[in-house]
Structures are given as structure tokens and as C-alpha cells.
Amino acid sequence: MKILVAVKRVVDYNVKVRVKSDNSGVDIANVKMSMNPFDEIAVEEAVRLKEAGVATEIVVVSAGPTQCQETLRTALAIGADRAILVETESELQPLAVAKLLKALVDKEQAQMMILGKQAIDDDSNQTGQMLASLLDIPQGTFASQVVVTDGKASVTREVDGGLETLALTLPAVITTDLRLNEPRYVTLPNIMKAKKKVIDIVKPEDLGVDISPRLKTIKVEEPPKRSAGVMVADVAALIEKLKNEAKVI
Amino acid sequence: MAALVIAEHDNLSLKAATLNAVAAALQCSPEVDILVAGNQSDAAAQAAAQIAGVSKVIQIDAPNLADQLAEPLAAQILALASSYTHVLAPATANGKNVLPRVAAKLDVAQLSDVTKIVSPDTFERPIYAGNAIATVQSSDPIKIITVRTTGFDPVSAAGGSAAIEKHAVAADAGKSAFVGRELTKSDRPELTAAKIIVSGGRGLGSGEKYQELIAPLADKLGAALGASRAAVDAGYVPNDYQVGQTGKIVAPQLYVAVGISGAIQHLAGMKDSKVIVAINKDPEAPIFSVADYGLVADLFTAVPELTKALG
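Below is a short write-up of the structure. Not measured: the values here are computed from a predicted model.

Turning our attention to the overall build of chain B. Within chain B, the secondary structure is distributed over eight helices and 16 strands. If you line up chain B on its principal axes, its C-alpha atoms span 60 × 40 × 40 Å. Taking all 311 residues of chain B together, the buried fraction comes to 59%.

Attention shifts here to the overall build of chain A. Helix and strand counts for chain A come out as six helices and 15 strands. With 249 residues in all, chain A has 49% of them scored as buried.

Turning our attention to the sheet that holds strand β11 (residues 162–169) of chain A. Note: strands within a sheet are paired through backbone hydrogen bonds, in either parallel or antiparallel orientation. Reading across from one edge, β13(A)-β7(A)-β6(A)-β1(A)-β8(A)-β12(A)-β9(A)-β10(A)-β11(A)-β11(B) is the order of the 10 strands in this open sheet, with mixed pairing throughout. At either margin of the open sheet sits one strand with a lone partner, and together these are β13 (199–202) of chain A together with β11 (176–183) of chain B. Neighbour-to-neighbour, the strand axes of the sheet open up by a mean angle of 25 degrees, direction not taken into account. Sheet topology note: the strand β9 (residues 139–149) of chain A/strand β12 (residues 172–176) of chain A ladder contains three bridges and is parallel. Residue pairing across strands places Ala143 of chain A opposite Thr176 of chain A, the latter belonging to β12 of chain A.

Moving on, we come to helix α2 (residues 68–78) of chain A. Residues and elements named next belong to chain A. Among the 11 residues that make up α2, nine are buried, leaving the element largely enclosed by the rest of the structure. When α2 is considered as a whole, its buried residues turn out to be Cys68, Thr71, Leu72, Arg73, Thr74, Ala75, Leu76, Ala77 and Ile78. One or two positions beyond α2, positive phi appears at Gly79, with a value near 145 degrees.

It is worth spelling out the packing of helix α4 (residues 127–135) of chain A against helix α4 (residues 93–106) of chain B at this point. Relative to each other, α4 of chain A and α4 of chain B sit at 50 degrees, their axes nearing to 8 Å. In terms of their interaxial angle, α4 of chain A and α4 of chain B are classed as oblique. As for the relative orientation of α4 of chain A and α4 of chain B, their crossing is right-handed in sense. Side by side, α4 of chain A and α4 of chain B meet where Gln129, Met130, Ala132, Ser133 and Leu134 of chain A of the first sit next to Asn97, Pro100, Arg101, Ala103, Ala104 and Lys105 of chain B of the second. When the residues that make up the contact of α4 of chain A with α4 of chain B are grouped by side-chain class, the tally is six nonpolar, three polar and two charged.

In this section: the interface of chain A and chain B. Residue-level contacts link 65 residues of chain A with 69 residues of chain B. Secondary-structure elements contributing two or more residues to the side of chain A that touches chain B are α3 (94–108), α4, β9, β10 (152–159), β11, β14 (215–221), β15 (230–231) and α6 (235–245) of chain A. Top contributing element to the side of chain A that touches chain B by residue count: β11 of chain A, with eight residues. The class makeup of the residues in the side of chain A that touches chain B is 32 nonpolar, 17 polar and 16 charged.

All right, on to the nonpolar core then. The biggest cluster of nonpolar side chains holds 194 residues, and the ones touching the most others in it are Val5 and Val60 of chain A together with Val5 of chain B. Residues in contact with Val5 of chain A, not counting those within four places in the same chain, are Ala42, Val43, Ala46, Ile58, Val60, Ala75, Ala80 and Ile114 of chain A.

Our focus in this paragraph is unusual backbone geometry. Leave glycine aside and you will find that most residues have negative phi; peptide bonds, for their part, are mostly trans. Residues and elements named next belong to chain A. Residues Leu170 and Pro171 are joined by a peptide bond in cis, for which omega reads 0 degrees. Mapped onto the elements of the fold, Pro171 is located in the loop between β11 and β12. If you check the backbone angles, Asp136 has positive phi at about 55 degrees while not being a glycine. Tracing the sequence through the fold places Asp136 in the loop between α4 and β9.

Next up on the list: the sheet that holds β14 of chain A. In spatial order, the strands read β14(A)-β8(B)-β7(B)-β6(B); together these four strands make up an open sheet with antiparallel pairing. In this open sheet, the two strands that pair with only one neighbour each are β14 of chain A together with β6 (116–119) of chain B. When strand polarity is set aside, the average angle formed by the axes of neighbouring strands in this sheet is 30 degrees. Sheet analysis places strand β7 (residues 122–127) of chain B next to strand β8 (residues 132–138) of chain B, joined by six bridges and oriented antiparallel. Directly across from Glu124 of chain B, in β8 of chain B, lies its bridge partner Thr135 of chain B.

Across eight bridges, the pairing between β10 of chain A and β11 of chain A is antiparallel. Its bridge partner being in β11 of chain A, Glu158 of chain A is matched across the sheet by Leu163 of chain A. Taking the residues that link successive antiparallel strands as the turn, the β10 of chain A-β11 of chain A hairpin has two residues. The pairing of β11 of chain A with β11 of chain B spans seven bridges and is classified as antiparallel. Bridged to Leu163 of chain A within β11 of chain B is Glu182 of chain B.

Residues and elements named next belong to chain B. End to end, helix α5 (residues 207–221) covers 20 Å across 15 residues, agreeing with the expected 21 Å (1.5 Å per residue, within 8%). Along α5, the residues that are buried comprise Tyr210, Leu213, Ile214, Leu217, Ala218 and Leu221. Directly beyond the C-terminal end of α5, a positive phi value near 65 degrees is found at Gly222.

This brings us to the environment of Leu221 of chain B. Structurally, the position occupied by Leu221 of chain B is in helix α5. For the pair Leu221 of chain B and Thr307 of chain B, spaced 86 residues apart in sequence, the C-alpha separation works out to 8.7 Å. Setting aside anything within four residues of it in sequence, one finds Leu221 of chain B in contact with Ile249 of chain A together with Ile196, Val198 and Leu310 of chain B.

Right, let's talk about the packing of α5 of chain B against helix α8 (residues 299–309) of chain B for a bit. All names here are of chain B. The contact between α5 and α8 brings their axes to 9 Å, and the two run at 25 degrees. Considering the angle they form, α5 stands roughly parallel to α8. Crossing angle aside, the handedness with which α5 passes α8 is left-handed. Contacts from Leu213, Pro216, Leu217 and Lys220 in α5 reach Leu299, Val303, Pro304, Leu306 and Thr307 in α8. For the contact of α5 with α8, a count of residues per class yields seven nonpolar, one polar and one charged.

Before going further, it helps to spend a moment on the environment of Ile137 of chain A. Locating Ile137 of chain A in the fold gives a position in the loop between α4 and β9. Put simply, Ile137 of chain A and Val235 of chain A are 98 residues apart on the chain and 55 Å apart in space, counted from C-alpha to C-alpha. When neighbours within four sequence positions are excluded, Ile137 of chain A is seen to be in contact with Ala132, Pro171, Ala172 and Val173 of chain A together with Lys175 of chain B.

Residues and elements named next belong to chain B. Along the polypeptide, Ile60 turns up in strand β3 (residues 54–61). Sequence spacing of Ile60 and Glu165 is 105 residues, and the spatial spacing of their C-alpha atoms is 8.7 Å. Residues in contact with Ile60, not counting those within four places in the same chain, are Ala37, Leu65, Gln76, His167 and Val169.

Definitions and limits used
Residues numbered from 1 in each chain as written. Chains lettered and ligands numbered in written order. Predicted model: local features only at pLDDT ≥ 70, side-chain atom pairs only at ≥ 80, totals over all residues. Helix = DSSP H or I, 4+ residues; strand = E, 2+ residues; numbered from the N terminus. Buried ≥ 20, exposed ≤ 12 C-beta atoms within 10 Å, placed from the backbone. Pairing = 2+ DSSP bridges. Axes fitted to C-alpha atoms, helices over the stretch in contact; angles between N-to-C directions. Parallel < 35°, antiparallel > 145°, perpendicular 65-115°, else oblique. Left-handed = near helix turned anticlockwise from the far one by under 90°. Contact = placed C-beta atoms within 7 Å. Nonpolar A, V, L, I, M, F, W, Y, C, P; charged D, E, K, R; others polar. Core = buried A, V, L, I, M, F, W, Y, C linked by C-beta atoms within 7 Å. Expected span 1.5 Å × (residues − 1).

Here it is as C-alpha cells:
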């Protein structure tokens, strides 16, 4: 079984972004970029399925500027076999990414697609579901466990009241939640090995996909700030404030 | 043209988040219909008909809709979507699961986690864990929207008298099946609907301490239980307790954060709470920057003292 994993290059989760003074977006010049944490979990899951003998090949895909090759190298170092970069400097919205991925899934004939449930920059939580829809295949989103047997994936999902389990006929799309696995640390020998692995570069036009954005960002602003609070000396003072000032208890 | 809200329900009752989505829908269009797709969902459909401001309830019953699987549910929404300018669902696990499927098939963008309707084609939504608010405009003929419930005051669950129209079920390929569900059992209020939330973090040190300290305080306050990602990852509590960027987004009247340092991902999930209390032994903890009342103290003595004093 071939697995296709999609990874996104995003501002590192430890960076607190700043809104640009002209309100055109957030300032991402000279900030640390990393693989979206949910996508790292996706790569790890694919590698574990390969180690368990379920998967035979892992193709990792990213879409964006040429620097995404660094993100792909990280995925190759975790254990993906080869990589494809859909290179573009244009803004990519989830629907466009889903269309690019669909074109590659059609070409690669992958049986399982694993994506992060959400990218921590635009917080959209759409691409996996859109990909499944475009491919007309089932989806197991927010997965905390994936078991593959006899052409079916049993996917346990994190839902609002707890967990639920679905049985999906492959091919299917899985999106990862935090508890699916803990990605391994990349070792130096694996980084060296990853340097020899192939990254194919294609353009959106090569895949016949129109990536023009559908949503126009009019402005980006700082969220309203909370006014500064007060420190209380002890529990009695806290209760007094909650009862008489905030009147919430 | 009208807006369609996808009801969040379990066939027997409507989830409160539906009321916030209806509120958002009414800001997009004066005419709002609601879809109750389920199995033996008469009770939920009747509850939907009572919602203030709803024009019509569309009820679709079929066995494969019982568990809100994305594939058959998306097929029902798609069969209806062309009659609407807006399709909205609360940004719950279900809403997030199904609506992008609908958007992709309609070849339109989705607007996720919308917090404000600026105009029928322009919306505000948080990005970067709520560290920035984007105003985005859609030129697509149908706007597909998931509604961040904390951004909209709910409409009244009573006072409406919408007609219930039963529709035939649209076909589905049947490639997904529901196997089972393990819901966290609790007599406490639901996290996203609670007026008061007590949340515990890694400062508690163990699941036993969480139960020993946080649960009694929550009981005294009639509060729901929440947790930071760190506490969930450490196995203190189940995953559905998680408050934060990738967990639940809450905005109760009172949020009590105990032993939570306040990573930006956690703050993203609770900083719209009306009153925030932080109890932490580290005076430098970022949680204090959003707290209305901060108490620097050892939680192992302060929390029992607080619980006792609330007698």
C-alpha cells in the first residue's frame, strides 16, 4: 500500500507572530519556520505503518515556495521514501491545496492519504476533508488511532464527547490529532540518508490545477487586548473579588 | 435568498451550539432554514422548529445518518445547498468534519471558525491561534461557514414555530461505517456550554491529584472540567477536556486555570472568557497576563482552601 502524506511549512509553534503595521498580514520575515506539528504526526504515522509492514512506500508532498524543500527533507529524515514539491510563490488556500493533492493522488494511485487535521497558521481545518470529497472517498478526521486490516482502516476519532470509531473502505483520507503518536527525533544518520532521497519539483500548471485564491484578505488586526488584571494576596481575597467585584460566584 | 444551518444533534435533542450558529445565520440572511439529518430524529426536529427566527426545518431520516458520518451527511447538504446563499454549522467536531466536504464539491472556499459577520460576504476569523484576526471576503456564490460559537450570543431555543418539511434521503456510496463510541461520562455541564469552567494543567502532577483537587472545586462551583494540552498528553484526563487552539474554544462567565502556565495555544482557547482566575506558583507564568485575578500560590494548599471556603 502506498501512502501519500501532505506537509506544510508554517511559522514555528513557539513563535508569537506580530501583525504588520499596515494590517496586510502577519510578519513572517526572519521568523523560525517548521513543519506543521500535526503534519509531523502524519509523517510519523505513515512511517509506523511502513515499519509494521502495512505500507510499502511513503510519498510526502508539500506545496509552496522553494524553501518547503527543507520541510520535505525533515519528512524524508523521519522516514518518508521520496518527496514532491508543488512549487509556487502564490498564496495557496485549502481548496487549491486539496486540488493539487488530488491530482497527485490520481497520478500516484496512493491508497491512504494522511494529513494534519489543521495547520497552525491559518487554523482552517479543511484540506483533508476537501481532498476526501474531491476523491469521493471516505475520511477519518481527528484520528487518535489507525489500524489497517483487509483493505479497511479502523479509525478512532477525537470527537466532542470523547472518542468514536469508524470503519473506512480504502482508499481513504486520515487527518491526525495530537494523541495519534509522538513523532520520533530525527537522527543525524537519517538526516544524511534523507539528503540522498529524491525531491521531484512540479508546478501547479503541470498538474492542470487553478490555484487562484477564493477568499480575499481585507485586513489583519491584533485581537482586542484584555485589560490588566490584579494579583490577590490569598484565597480569601480571591473569593471576595469574585463575589463582590466580578459577581460571578 | 436564505441561509441553511446544519443542526448539531443526537436525534433526541439539539446541542446548544446550534443556537449560536442560527444567530450567525440570521446576520447573513433574514430567512434561516435548519437541516436536521439523522435517524428517528423527530424530537430533534421538533426542538429545531421551536428555535426563534427559524423559517423552516428540513428533516431527513435514514439509518446511515444516525451517527452524523461525514460522507452521507455531506450528500444531504449538497442536495440542498443550491437553494441557499449561506450554509452554516457550529465549529464543533461534527461541523468541522462535514462542511469542507460540502465546500469542495461545490467548488467554493470555506470560512472556518467565523467570529463576526461583517456583511453577508465579509467575515472575521482568528488565525495563528487567535494572535491575529483576519477580515476576509468571499466572492463565491455560496458561503460555507463554520461558526465559532463563542463569537455569537445564542438565539432563544423557544418561541419559534417553524414548519417541519420531510425530505427524501440522498444516496451515499456507503464506504464508511460507524463502529462505536466511547463518550466520557459526566454529570457536570458540557465544557462548551458551561457558565463556569475549572481547568487543570501539568502543575497538578497526576490524574489522581486532578480528581482530588479540581473535581471537588468544580462540584462546588457547578462547573465543567477542562484541561491544558499538557495535562491531556500526560494522561491526567480524557482528550475531550482539552481547551485550546486545537481543542475546545470556550468563553464562560468564569474560567479558573489551576497549575496552567498559559502557552499561547491554551490562551487561544479561553481568553474570551468573561472573568479569568489563575492559580499558579510561578509569578512569571504567562497565564497571569490574561487573568483578571491572579493568585501566586501552591495549588496543593490554595485549591483545597478555596473549595472549603466556598462551602
